[in-house]
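# Analysis of the macromolecular model
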Amino acid sequence: MTSFTPHFVPPARLKAWLHDGAEIAVFDVREHGQYGEAHLFYGVTLPYSRLEIDVVRLAPRHDARVVVYDTDQSVAVLAAQRLHALGYTDVSVLEGGTDAWQQAGFTLFAGVNVPSKTFGELVEMAYHTPRVTARELAAMRERGDNVVILDGRPVSEYLKMTIPSSICCPNGELGYRIRELVPDTSTPIVVNCAGRTRSIIGAQTLINLGIPNPVMALENGTQGWYLEDLPLEHGSTRRYPDVVTPSSLAQMREASVALAERFAVPEVDASTFAQWSNDPSRTLFLCDVRTPEEFAAGTLPGAQHAPGGQLIQATDQYVGVRHARVVLFDSDGVRAPIVASWLRQLGHEAYVLRDGLASGASLPALASGVATTLPEIDAGALAAAVADARVTVVDVRPSMSFRRAHVPGAQWAIRPRLPKLPATGDVVLIADEHGVAELFAADWRRENVQDTRTFSRLAGGFKAWTDAGLPVQTTPDSPPDAQCIDYLFFVHDRHDGNKAAARQYLAWETGLLAQLDEQERSAFRIGDAAVTG
């Protein structure tokens, strides 16, 4: 392979690129914890430990303009080399990384999903979304008022904690299922999430659809409830109904069509979509916005699962290229237009696929950027090898998983910080995904070309070890916090009894608007601007 020297782009030029209207993917290749401490507004998290696994989904077109960065460009150079090896042809490195970006006078942002979080604050400001405080909602419940509380988060988040008596209905499902959940058009509805964004977007979704019910967002969500010393419910399984009646579907489809017209949401037919899929100059995303169960039962070839509420809440987890074409579909004609109306206000070029699941549209399958080369060893054989001190066990799972439990004597490691290993003895890697182990081993071999020992992977991962009833070790403080670069400690215990952390998180969320510059703010197209912008 020929050597590759990446192109370096200075901060001022990257800032201009971000706002020139052409497609661009800006990837923060540090680990998730580092990313969450301070990153570019449009920086998409793409940890180096998972680079080749996730980049094919986030930036499927190999000749897209790609910029990678870290704190000081050291890991970014490695990332650029790996992307070049995958076939990406237009890759640059931010010169000097985030340090230089900040020195140039540009802002760095803490937290995750920052554009979407910022959007929620702008939506509340623009639409004057009605809200209710935790104390006011508690009083309504104590009086026995006929109020329905809908939790707009996914089921997995809802299970952890929610407002007592609430029903789980992820935001992407609200417009589709609201009449099954609240048949009486006079019943007040409160939408909540853990903090602010999904409460606001969920409530405003119902208002934008024109439902006659009084609708409010719960101010500060479950955190606001907890800060008022009100009890949260844990493990609730109440959720939306699976079946939507024909009359409800017809009613909400009509409302969704009107919403799409209001925000000038364009449709694309399968024929045009096929032409777009063959356009080498544009990136195309195909997103199935339905529930996990519906997606698993069957979807369009080449589609990624992007549940509607989460696609709005965390757009950068699904769409890694700014100014790309984003085509949404469903099976009902309700959900995709609603989500597209929000994505267009977020500033994305979003479309609805005509006829949705029945359209016959497709995208080519994405080829994995990770080859399978490591031999496997089963749990019993590994236990015997550990007992005889014949192997070194390296655990490349997330650091918090390692702290909770690992193979006794294993050491934790992560790809961007290759560890020192004993000079002798084969190495067994433990990973949740085979690709993470493959990437770690490949980098080790590149850095240690004279090392001929065998690397293998525990078949079935750590679960196979525990399923075999083998002993585990717990180390709550190892690796130490400073080494846990994959874990975002940023107010991580805001739901675990730490009120100061909850207040800090809410202050961060409401403070995002003050950090925006004019170019970042004007990229949103909220309300009428979505049509005229």
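Just so we're clear, the structure is a prediction, and the values are computed from it rather than from any experiment.

Reading the values: the criteria
Residues numbered from 1 in each chain as written. Predicted model: local features only at pLDDT ≥ 70, side-chain atom pairs only at ≥ 80, totals over all residues. Heavy atoms only, no water. Helix = DSSP H or I, 4+ residues; strand = E, 2+ residues; numbered from the N terminus. Buried < 20%, exposed > 50% of the residue type's maximum accessible area, 1.4 Å probe, protein only. Polar contact = N/O pair within 3.5 Å; in protein donor to acceptor, adjacent residues only side chain to side chain. Contact = heavy atoms within 4.5 Å. Core = buried A, V, L, I, M, F, W, Y, C linked by side-chain atoms within 4.5 Å. Pairing = 2+ DSSP bridges. Domains from an automatic or database assignment. Buried area = accessible area lost by both parts, 1.4 Å probe. Salt bridge = Lys/Arg side-chain N within 4 Å of Asp/Glu carboxyl O. UniProt positions renumbered as here; feature names shortened; annotations may be inferred. Axes fitted to C-alpha atoms, helices over the stretch in contact; angles between N-to-C directions. Parallel < 35°, antiparallel > 145°, perpendicular 65-115°, else oblique. Left-handed = near helix turned anticlockwise from the far one by under 90°. Nonpolar A, V, L, I, M, F, W, Y, C, P; charged D, E, K, R; others polar. Expected span 1.5 Å × (residues − 1). Arc of directions from axis to C-beta.

### Re the side chain of E52
The topology assignment puts E52 in helix α3 (residues 51–58). Residue class for E52 comes out buried when judged on its relative accessible area of 5%. Here the side chain of E52 touches R415 through a polar contact of 2.8 Å, side chain to side chain. Ignoring sequence-local partners within four residues, the contact set of E52 consists of R82, L86, G369, V370, R415 and L439.

### Comments concerning the nonpolar core
Buried together is how nonpolar side chains tend to be arranged in soluble globular proteins. Residues L14, F27, V68, F119, I189, L311 and L328 are the most contacted members of the largest nonpolar core, which totals 105 residues. Tallying contributions element by element places helix α16 (residues 335–345) first for this core, with six residues. Once residues within four sequence positions are removed from consideration, L14 is found in contact with V9, I24, V26, L40, V67, L94 and W101.

### Regarding the environment of A367
Locating A367 in the fold gives a position in the loop between β15 (349–353) and β16 (376–377). Given the relative accessible area of 58%, A367 is considered exposed. It is 44 Å that separates the C-alpha atoms of A367 and I211, two residues lying 156 residues apart in sequence.

### Remarks on the environment of C484
Looking at where C484 falls in the secondary structure, it is placed in the loop between α20 (461–467) and α21 (499–510). Separated by 450 residues in the primary sequence, C484 and Q34 place their C-alpha atoms 9.1 Å from one another. Those residues in contact with C484 that lie beyond four places of it in its chain are S399, M400, R403, P479 and F489.

### Thoughts on the sheet that holds strand β1 (residues 7–9)
The five strands lie next to each other as β1-β5-β4-β2-β3, forming an open sheet whose pairing is parallel. Each edge of the open sheet is held by one strand with a lone partner, namely β1 and β3 (44–45). By the bridge criterion, three bridges tie β1 to strand β5 (residues 91–94) in an arrangement that is parallel. The residue of β5 that forms the bridge with V9 is L94.

### Concerning the domain arrangement of the protein
Its domain assignment divides the protein into domain 1 (1–112 + 481–492 + 500–515), domain 2 (127–244), domain 3 (263–358) and domain 4 (376–476). For domain 1 versus domain 2, the distance between C-alpha centres works out to 34 Å. Contacts between the two partners involve six residues from domain 1 and, on the opposite side, six residues from domain 2. Among the residues domain 1 hides against domain 2, the three largest losses belong to A502, L506 and E509. Together they make up 68% of the total. The tally of links between domain 1 and domain 2 comes to zero salt bridges.

### Re the UniProt feature "domain: Rhodanese" (unreviewed entry) in the protein
With numbering matched to this structure, UniProt assigns "domain: Rhodanese" (unreviewed entry) to residues 20–110, 143–234, 288–368 and 387–474. As a span, residues 20–110 carries 37% helix and 15% strand, and end to end its C-alpha atoms are 25 Å apart. The span residues 143–234 carries 40% helix and 15% strand; its end-to-end C-alpha distance comes to 23 Å.

### With respect to the sheet that holds strand β20 (residues 455–458)
Across the sheet, which stays open at both edges, the five strands sit in the order β16-β20-β19-β17-β18 with parallel pairing between neighbours. Two strands lie at the open edges of the sheet, namely β16 and β18 (411–412), each paired on one side alone. As paired strands, strand β17 (residues 391–395) and β18 are joined by two bridges and run parallel to one another. By the bridge assignment for β18, D395 is matched with W412. Docked against the sheet, helix α19 (residues 434–447) engages β17, β19 (426–430) and β20, running at close to 165 degrees with respect to β20.

### Notes on the pairing of strand β10 (residues 215–218)
Of the two faces of β10, the one lined by V215 and A217 and the one lined by M216 and L218 are each fully buried. Inspection of the sheet shows strand β6 (residues 131–132) paired to β10 by two bridges, in the parallel sense. Within the sheet, the bridge partner assigned to V132 lies in β10 and is L218. Where strand β9 (residues 189–192) and β10 come together, three bridges link them in parallel fashion. By the bridge assignment, V190 is partnered in β10 with M216.

### Here we look at the packing of helix α12 (residues 246–262) against α16
Viewed as axis vectors pointing N to C, α12 and α16 meet at an angle of 25 degrees, and their least axial separation amounts to 8 Å. Between α12 and α16, the angle is such that the two are roughly parallel. Once α12 is placed against α16, the crossing between them reads as left-handed. Taken together, the residues of α16 that come into contact with α12 (itself represented by S256, L259 and A260) are P337, I338 and S341. Residue composition of the contact of α12 with α16, grouped by class: four nonpolar, two polar and no charged.

### As for unusual backbone geometry
Residue P479 is reached from S478 by a cis peptide bond, and omega for that bond is 5 degrees. Within the secondary structure layout, P479 lies in the loop between α20 and α21. One non-glycine residue with positive phi stands out, namely A264, at about 55 degrees. You can see A264 is positioned in the loop between α12 and β11 (267–268). Backbone geometry at D355 places phi at a positive 70 degrees, although glycine is not the residue there. Position of D355 among the secondary structure elements: in the loop between β15 and β16.

### Brief notes about α21
With 12 residues, α21 extends 17 Å between its outermost C-alpha atoms, agreeing within 8% with the 16 Å of an ideal straight helix rising 1.5 Å per residue. Among all positions in α21, only A501, A502, Y505, L506, W508 and E509 are buried. Projection of α21 onto a plane perpendicular to its axis shows the buried side chains occupying an angular sector of 155 degrees, all on one side. Buried residues along α21 sit against α6 (114–127), α10 (197–208), α11 (221–227) and α22 (512–515). The N-cap residue of α21 is N498: its side-chain oxygen and the backbone nitrogen of A500 are 3.1 Å apart.

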